[in-house]
Protein chains: 2
Amino acid sequence: MVTIKDIAKKLNLSYSTVSRALNSSTLVNEKTMKLIQEEAKKMGYTPNALARGLVLKKSGIIGMIIPDITNPFFPALARGAEDAAVKRGYNLLICNTDWNIKLETRHLKLIEERKVDGFVLSSINVENRYLEKLVERDYPLVFVSRIYPGILANFVGTDTEHGGYLAGKHLAELGHREMAFVGGKFKVGSVQGRYLGFLEALKEKGIEVRGDRVIEGEFTVESGYKMALQLLKRDRRVTGIFAANDLLAVGVMKAARELGYRIPTDISIVGYDDIFISSLPGIELTTVFQEKRKLGELAVNMLLDDIQGKENGKKSTKKIVLSPKLIVRKTTAPVRVTGNS
Amino acid sequence: MVTIKDIAKKLNLSYSTVSRALNSSTLVNEKTMKLIQEEAKKMGYTPNALARGLVLKKSGIIGMIIPDITNPFFPALARGAEDAAVKRGYNLLICNTDWNIKLETRHLKLIEERKVDGFVLSSINVENRYLEKLVERDYPLVFVSRIYPGILANFVGTDTEHGGYLAGKHLAELGHREMAFVGGKFKVGSVQGRYLGFLEALKEKGIEVRGDRVIEGEFTVESGYKMALQLLKRDRRVTGIFAANDLLAVGVMKAARELGYRIPTDISIVGYDDIFISSLPGIELTTVFQEKRKLGELAVNMLLDDIQGKENGKKSTKKIVLSPKLIVRKTTAPVRVTGNS
DNA sequence: TTGTACGCGTTATCAT
DNA sequence: ATGATAACGCGTACAA
């Protein structure tokens, strides 16, 4: 491996000059600079980010903690984050936690050792003492999409309550009155928001949701399927279902079809997130859209601003909340005028 | 930041002893070791991977280059890779290239500076001089899923030719004789394999594919849609279509439906990859399955074996080729006995 | 078993 | 404009 020293020797110069030249410092003769840069290229010099990081106390890497890149919500998020990071000269280290706090903590510790310059996390659903310490220690960090309950930290996300509201309003305006909510774990803050917003919209129309029509499960197709199967079997009057995310909604669709429902003629279904699959032919789910990619971008930009601002002594807690948008596709329609048994 | 020195001072010991204790070296008194480890924890010591990497000439990070994590094929691959990496104490740095060689090269250079201990790449479609240099320099590296043409390097992938064969055989056995191939860029080696295998299977049944029924486009739903639309409009006799991947297949499905085809009654469609969406209710695509997650795992394990083996002076070029599997779902059926106009 | 001293590759602070 | 030298935090050969 060719180092700064090697090219210094070769050119009978000192390390310092070479280092400066390579960093295009102004305080070095133009000619020697060119000389050095050419020689560097010729010798195949590659800077060593480890060494640089050691002295600069920066790694140039930021860590991204997510539950599972395999879940269709996260690739777009990660992609946005990576793009923004690269654009500013950083790289992204991705860790999957499987919604497991132990794993999350382990990853946090491990990549803190790597001296990542900051974290972007979207993994939070439950208390994590180590994470709390991290923010107490003022480690640069921003929460995306899901915020840690009761903590003051940077956040980038979508107005979930408003999103839920849009879904509820849409169904209500279509004339639905018998509605259900199929949710993931309510501990995840964003689900609560969606639910609350949903209720809010219905209330405005004088509609209430019966307690037995609010179900909780996992964030998966399978779970949505099971929940809807159980719900619709015992309760044929429901005509509108709001699912906490698109995966769930797809499961609900499957269950409804199996039970002989036509979508959207007999039943309307609204999802949340507008993940990739939702617009696919054969699915075409009405859903609440949030800008996942942009969320990722905004998050790392906020993080990087923070990191670079901190050097100038600035500190702040920022928050960006994007507005969701309703996307009407083919799983919602006006309620039928004739009731069914 | 608390360092080894700090805890050495506090305990009136030398750096070395502390360093050894923290690495659980055998050549240190058990008592002092415990003492040191406890003190380290108490003081909140965190090892600095940068410094360690500098002396050990290892970063503990491996780089993964893929075209686009947003493409449903890659999350599973990345996840498998990350799991395997973490299991062996490494982390994964992910870079998206958007199938752009310039970007790929830039990423390669950049993360080489980060001293990643090796690369896993799945980005290759076209000549990249810098990449060639990398393998010439013997940089630890393994290709996943797509191999670089005409280069001797580690590889983990699926037997694409056999995969294509399975698809062709399936359609042929269902009685289809008028078939088409809807492909992505043929430059991507894996597509050629799929195509060749497909042809091979048909040939065994005495079936040929007309040249105007082989179309090339992008690897997207949209592209599949357009190609199929164009094909099926001018050629109503086709009853079986093999798409080079599932995204394309979904697009084909959409086009067929729009033109009034019932699937699979009027036309059979086979995809490739079995990505997440393909099993979804409303899609249920017959496709050729490959173990994406396992591919990722195998790749980083091979890489890590290589890295750790190299220290012992071993060198080798390994190859692992998994077998694909046909998954029959609801987009294929026996050809109708009555021909249509 | 423990301590001393050097080097990893780079940047930064002094001088010159 | 350039050079010498000290860090950065850690591992390790060598000495004790």
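Computed from a predicted model, the values in this text were never measured in an experiment.

Enquirer: I'm lost on the overall build of chain A in this one. Help?
Expert: Summing up its helical and strand segments, chain A has 12 helices and 12 strands in all. The dimensions of chain A, computed from C-alpha atoms along their principal axes, are 95 × 40 × 30 Å. Within chain A, the proportion of its 341 residues that are buried is 57%. Taking the intrachain contacts of chain A between residues at least 6 apart in sequence as the baseline, contacts between residues at least 24 apart amount to 70%. Carbon and sulfur atoms form 51% of the exposed surface of chain A, whose accessible area is close to 15,000 Å². Across chain A, the 52 positively charged side chains and the 39 negatively charged ones have centroids separated by 4 Å.

Enquirer: Looking at this structure, I do not really get a negative patch on the surface. What am I missing?
Expert: All names here are of chain B. On the surface, Asp-159, Glu-161, Glu-200 and Glu-204 cluster together into a negatively charged patch. Mapped onto the fold, Glu-161 is located in helix H8 (residues 160-173). On the basis of relative accessibility, which here comes to 41%, the residue Glu-161 falls in the partly exposed class.

Enquirer: Honestly, the sheet that holds strand S9 (residues 268-273) of chain A in this entry has me stumped. Any pointers?
Expert: Neighbouring strands of a sheet are bound in pairs by backbone hydrogen bonds; such pairs are parallel or else antiparallel. Residue and element names in this part refer to chain A. Taken in spatial order, the 6 strands of this open sheet run S7-S6-S8-S9-S10-S12, and their pairing is mixed. The sheet is open, and its two borders are formed by strand S7 (214-216) and strand S12 (325-327), each paired with just one other strand. Taking each pair of neighbouring strands and ignoring which way they run, the sheet shows an average axis angle of 20°. In the sheet, S9 pairs with strand S10 (residues 286-289) via 4 bridges, with the strands oriented parallel. Looking across to S10, one finds that Gly-271 is bridged to Thr-287. Contacting strand S6 (179-183), strand S8 (240-243), S9 and S10, helix H11 (residues 246-258) crosses the sheet at an angle of about 160° to S9.

Enquirer: Is there a simple way to think about the domain arrangement of chain A in this case?
Expert: Interfaces are often sized by the accessible area lost when the parts come together. Domain assignment breaks chain A into domain 1 (4-56), domain 2 (61-158 + 292-323) and domain 3 (160-290). When each unit is reduced to the centre of its C-alpha atoms, the spacing between domain 1 of chain A and domain 2 of chain A is 34 Å.

Enquirer: When you look at a nonpolar patch on the surface in this model, what are you seeing that I'm missing?
Expert: Side chains of B:Leu54, B:Val55 and B:Leu56 sit close together on the surface and give an oily, nonpolar patch of about 260 Å² of accessible area. With respect to the helices and strands, the residue B:Leu54 is situated in helix H4 (residues 49-56).

Enquirer: So what exactly am I meant to see when it comes to the protein's contact with DNA strand D here?
Expert: Inspection of the region around DNA strand D gives 29 residues, with A:Thr17, A:Arg20, A:Asn29, B:Ile4 and B:Tyr45 positioned closest. Within 4 Å of the protein, the contacting atoms of DNA strand D are 61% sugar and phosphate, with bases supplying the remainder. Residue A:Lys57 places a side-chain N or O atom 2.9 Å away from a phosphate oxygen belonging to DNA strand D. In this structure, B:Ser19 approaches DNA strand D through a side-chain N or O atom, which is 2.9 Å from a phosphate oxygen. Its residues assigned to classes, the surface near DNA strand D shows 13 nonpolar, 12 polar and 4 charged.

Enquirer: What's the story with the packing of helix H1 (residues 4-11) of chain A against helix H2 (residues 15-22) of chain A in this structure? I'm lost.
Expert: When two helices pack together, their arrangement is given by the angle between the helix axes and the distance between those axes. Residue and element names in this part refer to chain A. Running from N to C, H1 and H2 cross one another at 110°; their axes reach a closest spacing of 9 Å. On the basis of the axis angle, H1 is roughly perpendicular to H2. Between H1 and H2 lies a crossing of right-handed hand. For the pair H1 and H2, contact is made by Ile-4, Lys-5, Ile-7 and Ala-8 and by Tyr-15, Val-18, Ser-19 and Leu-22, respectively. By residue class, the composition of the contact of H1 with H2 is 6 nonpolar, 1 polar and 1 charged.

Enquirer: Help me understand the protein's contact with DNA strand C, please; the structure alone is not making it clear to me.
Expert: Within the structure, DNA strand C sits among 29 residues, and A:Ile4, A:Ser19, A:Tyr45, B:Ser16 and B:Thr17 are positioned closest to it. For DNA strand C, the fraction of protein-proximal atoms (within 4 Å) that sit in sugar or phosphate groups is 65%. Here A:Tyr45 contributes a side-chain N or O atom positioned 2.5 Å from a phosphate oxygen of DNA strand C. Within the residue set of the surface near DNA strand C, elements represented by two or more residues are H1, H2 and helix H4 (49-56) of chain A together with helix H2 (15-22) and H4 of chain B. Considering each element in turn, the surface near DNA strand C owes the most residues, 4 residues, to H4(A).

Enquirer: Is there a simple way to think about the pairing of strand S5 (residues 154-158) of chain A in this case?
Expert: Along a regular strand, successive side chains alternate from one face of the sheet to the other. Residues and elements named next belong to chain A. Across the 5 residues that make up S5, a large majority, 5, are buried. Burial along S5 is two-sided: the residues Asn-154, Val-156 and Thr-158 and Phe-155 and Gly-157 are all buried. As judged from the 3 bridges shared by strand S4 (residues 141-144) and S5, these two strands associate in the parallel manner. Within S5, the position partnered with Phe-143 by the bridge is Phe-155. Sheet topology note: the S5/strand S11 (residues 319-322) ladder contains 4 bridges and is parallel.

Enquirer: How should the relation of the copies chain A and chain B be read in this particular structure?
Expert: Here the second copy of the chain follows from the first by a rotation about an axis and a shift along it. Superposing chain A onto chain B requires a rotation of 180° together with a translation of 0.0 Å along the rotation axis, leaving an RMSD of 0.1 Å. Such a combination of turn and shift is consistent with a two-fold rotation axis. Of all interface residues in chain A, 100% are interface residues in chain B too; the two copies therefore contact each other through one and the same surface.

Enquirer: Just checking my understanding: could you explain the environment of B:Val142 for this structure?
Expert: All names here are of chain B. Inspection of the secondary structure puts Val-142 in strand S4 (residues 141-144). Distance from Val-142 to Val-156, taken between C-alpha atoms, is 7.3 Å for residues 14 residues apart in sequence. Filtering out sequence-adjacent residues up to four positions away, Val-142 remains in contact with Phe-119, Val-120, Leu-121, Asn-154, Val-156, Ala-299, Met-302 and Leu-303.

Enquirer: Just to check I follow, could you spell out the nonpolar core for this structure?
Expert: A general feature of soluble globular proteins is that nonpolar side chains tend to end up buried together. A:Met64, A:Ile241, A:Ile269, B:Met64, B:Ile241 and B:Ile269 are the most contacted members of the largest nonpolar core, which has 149 residues in total. The contact partners of B:Ile269, leaving out residues within four places of it in the chain, are B:Ile241, B:Ala249, B:Val252, B:Met253, B:Ile263, B:Leu285, B:Thr286, B:Thr331 and B:Thr332. If you look at the next biggest cluster of nonpolar residues, it comprises 42 residues, including A:Leu108, B:Ile61, B:Tyr139 and B:Ala153.

Enquirer: Quick question: what am I supposed to make of the interface of chain A and chain B here?
Expert: Facing 51 residues of chain A, the contacting portion of chain B comprises 51 residues. Interface area lost by chain A to chain B is led by A:Leu50, A:Arg79 and A:Arg114, which between them contribute 17%. Linking chain A with chain B are 4 salt bridges, by the criterion used here. Between B:Arg79 and A:Asp98 there is a salt bridge, with the nearest N and O atoms lying 2.7 Å from each other. Summed over the shared surface of chain A and chain B, the result is 18 residue pairs in polar contact (both at pLDDT 80 or more). Secondary-structure elements contributing two or more residues to the side of chain A that touches chain B are H4, helix H5 (74-87), strand S2 (91-96), helix H6 (101-113) and H11 of chain A.

Enquirer: Explain the side chain of B:Lys292 to me, please; I cannot follow it from the model alone.
Expert: Residues and elements named next belong to chain B. Within the secondary structure layout, Lys-292 lies in helix H12 (residues 292-311). Buried charge Lys-292 goes without a salt bridge, the closest partner of opposite sign being Asp-274 at 5.0 Å. Not counting chain neighbours up to four residues away, the residues in contact with Lys-292 comprise Phe-73, Ala-76, Leu-77, Asp-273, Asp-274 and Ile-275.

Cut-off values and rules
- Residues numbered from 1 in each chain as written.
- Chains lettered and ligands numbered in written order.
- Predicted model: local features only at pLDDT ≥ 70, side-chain atom pairs only at ≥ 80, totals over all residues.
- Heavy atoms only, no water.
- Helix = DSSP H or I, 4+ residues; strand = E, 2+ residues; numbered from the N terminus.
- Buried < 20%, exposed > 50% of the residue type's maximum accessible area, 1.4 Å probe, protein only.
- Contact = heavy atoms within 4.5 Å.
- Areas by Shrake-Rupley, 256 points an atom, 1.4 Å probe, with all protein chains shown as cover.
- Lys, Arg positive; Asp, Glu negative; His and termini not counted.
- Charge placed at Lys NZ, Arg CZ, Asp CG, Glu CD.
- Patch = residues over 30% accessible without salt bridge, like charges linked within 9 Å, V, L, I, M, F, W, Y side chains within 5 Å.
- Salt bridge = Lys/Arg side-chain N within 4 Å of Asp/Glu carboxyl O.
- Pairing = 2+ DSSP bridges.
- Axes fitted to C-alpha atoms, helices over the stretch in contact; angles between N-to-C directions.
- Domains from an automatic or database assignment.
- Near = heavy atom within 4 Å.
- Polar contact = N/O pair within 3.5 Å; in protein donor to acceptor, adjacent residues only side chain to side chain.
- Nonpolar A, V, L, I, M, F, W, Y, C, P; charged D, E, K, R; others polar.
- Parallel < 35°, antiparallel > 145°, perpendicular 65-115°, else oblique.
- Left-handed = near helix turned anticlockwise from the far one by under 90°.
- Least-squares fit on C-alpha atoms with pLDDT ≥ 70 in both.
- Core = buried A, V, L, I, M, F, W, Y, C linked by side-chain atoms within 4.5 Å.
- Buried area = accessible area lost by both parts, 1.4 Å probe.

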